[in-house]
Every structure is written in C-alpha cells, then in structure tokens.
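Spelled out, the chains give:
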Amino acid sequence: MSFKNYFIFCFFLLSTTLHAQLEYGVKVGAILNASGSITNAPSDFSSIESAKESLSGYYLGGFIEIDLPLIYLRPELQFSSLNTDVENLSLSQTRIEAPISIGLNVLPLISVFAGPSLRYESKPKIENISLSELESATSVGVHFGTRLHLGPLSIGIRYDRGLKANETSLLENKGIPISGNINTRVNQWSLGLAYKLN
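Here the structure is a predicted model, which means the values were calculated and not measured.

This part is about the environment of Gly 25. By the element assignment, Gly 25 lies in strand 1 (residues 21-34). The buried category is assigned to Gly 25, whose relative accessible area is 7%. Setting aside its immediate chain neighbours within four residues, Gly 25 contacts Gly 62, Phe 63, Tyr 195, Lys 196 and Leu 197.

Moving on to the pattern of salt bridges. Side chains that carry opposite charge are capable of pairing whenever their charged atoms lie near each other. With the rule as written, the count across this model stands at 10 salt bridges. One salt bridge connects Glu 23 with Lys 196, and the closest N-O pair in it is separated by 2.9 Å. Note that Glu 23 is positioned in strand 1 and Lys 196 in strand 14 (residues 187-196), a separation of 173 residues in sequence. Each of the two residues, Glu 23 as well as Lys 196, counts as buried. Where Arg 95 meets Glu 121, a salt bridge forms, and the shortest distance between an N and an O atom there is 3.8 Å. Taken together, the residues span a long stretch of sequence, with Arg 95 in strand 5 (residues 89-107) and Glu 121 in strand 6 (residues 110-121) at a distance of 26 residues. No difference in accessibility class separates Arg 95 from Glu 121, as the two residues are buried. Three or more residues are tied together by salt bridges with common partners; here these are Glu 23, Lys 27, Glu 65, Arg 74, Glu 76, Arg 147, Arg 158 and Lys 196.

On to the environment of Glu 121. Since its relative accessible area comes to 3%, Glu 121 is described here as buried. A C-alpha to C-alpha distance of 8.4 Å links Glu 121 and Glu 97, two positions 24 residues apart in sequence.

To continue, consider the packing of aromatic side chains. As enumerated under the stated definition, the model contains 3 aromatic pairs in all. Pairing Tyr 58 with Phe 79 gives two aromatic rings, centres 6.5 Å apart and planes at 55°, and the pair type is tilted. A residue pair is termed long-range when its members are at least 10 positions apart, and Tyr 58 in strand 3 (residues 55-67) and Phe 79 in strand 4 (residues 72-86) qualify at 21 residues. Residue Tyr 58 is classed as partly exposed on the basis of its relative accessible area, which comes to 38%. Residue classification places Phe 79 among the partly exposed positions, given a relative accessible area of 30%. On the basis of an interplanar angle of 50° and a centroid distance of 5.6 Å, the ring pair of Phe 144 and Tyr 159 is categorised as tilted. Taken together, the positions of Phe 144 in strand 9 (residues 138-150) and Tyr 159 in strand 10 (residues 153-162) put the pair 15 residues apart, joining distant regions of the chain.

Rules used throughout
Residues numbered from 1 in each chain as written. Predicted model: local features only at pLDDT ≥ 70, side-chain atom pairs only at ≥ 80, totals over all residues. Heavy atoms only, no water. Helix = DSSP H or I, 4+ residues; strand = E, 2+ residues; numbered from the N terminus. Buried < 20%, exposed > 50% of the residue type's maximum accessible area, 1.4 Å probe, protein only. Contact = heavy atoms within 4.5 Å. Salt bridge = Lys/Arg side-chain N within 4 Å of Asp/Glu carboxyl O. Phe/Tyr/Trp six-rings, centres within 6.5 Å; stacked < 30°, edge-to-face > 60°.

Here is the structure:
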C-alpha cells in the first residue's frame, strides 16, 4: 500500500465517523519478541546478531474506535521503544507507529483484527558502533491479532510484520572501519492493554 493510498484510507475512516459510534482511549503494552537480521558482519560480531534477535520493549499511545454495523475500525498512534543487552553490548531503537485495524466481533467478548501499519523509524543505536542512515525513515507493514473485551478494558495480542527490508550499514567500531548490514524490518509479537475513556 502506497503512502497516498494509506492517507486516502485514513480520510475515509474519518468521514465514516459522521454515521458511526465513536469511542477513544489509551493503550500500553509490552513488545515480547522483535527480531531482525545482520548480514556480512565480521565473525567476531556475533553478539550484535544475538542482540538484534532478542529485542524487547514497550509501547504507549492512544486510539479511536469507530463502531459500524458489522465491523469496527480502529486508527491508533503509538510510540514504541526497543532495547536489549547481550554480552555487554547495548542496542536500542524507537518508532512512531500508526496502525489501522479492521476488527470483527466473533464472540461476545472476543474480536479478531488486521490491517496496515505506517511507521517512522529512528536509526538503531549500538554502543561504540557507528551506523549509516536508514534506507528509509518510513515504512509500511501489516498486523493481525485478537482482543478480549472486558467492558472498557481490553487485552490484545498482535503480530506485526514489515512489507520490505529497511537496512542500515555498520561503519565503525571505536573508530575502526567495519562492514555489515542491519535489516530493521519489523517482525514482532506484542501484548497490550487498552482502556476506553468514554
């Protein structure tokens, strides 16, 4: 999905609020397993690969939920922070994410959902290692999951996946030139809580 089509879709979602019930709230959760890959790195940098495969973190943000006759639409905005420490090596990255979910209530308390996600990604940070800029600061992905609704509180589990690779290159380690590429393509599971405020 191109950025133009994504924003047209967002406009469509906003226009539907004129004929639907609108709810809003806050959300917070844990990113349980976010992995990526490193290629062409020196063999003595295996700890970087281990760190990239064991990222975890948290997210927080807000959402609007639009209830339609058969489905619900849920645009969200969240800040995500990922980090890990492996063999005294610290790796971290932050993102601003805007997922849009299309949900279906399959049971009175359970729904399933899926949809696109737009992300703004910061360059990863690795202690004592210099990196190039990302190929692109923005990326598009997809997500799906299920949600348990308990009144205004809901508990959800979600899988997110980027649609294409987004790489940065290893440049220096403590001033010494090195080689290798880090693929920051999103591939993660998360568990979260959401609370409706109205």
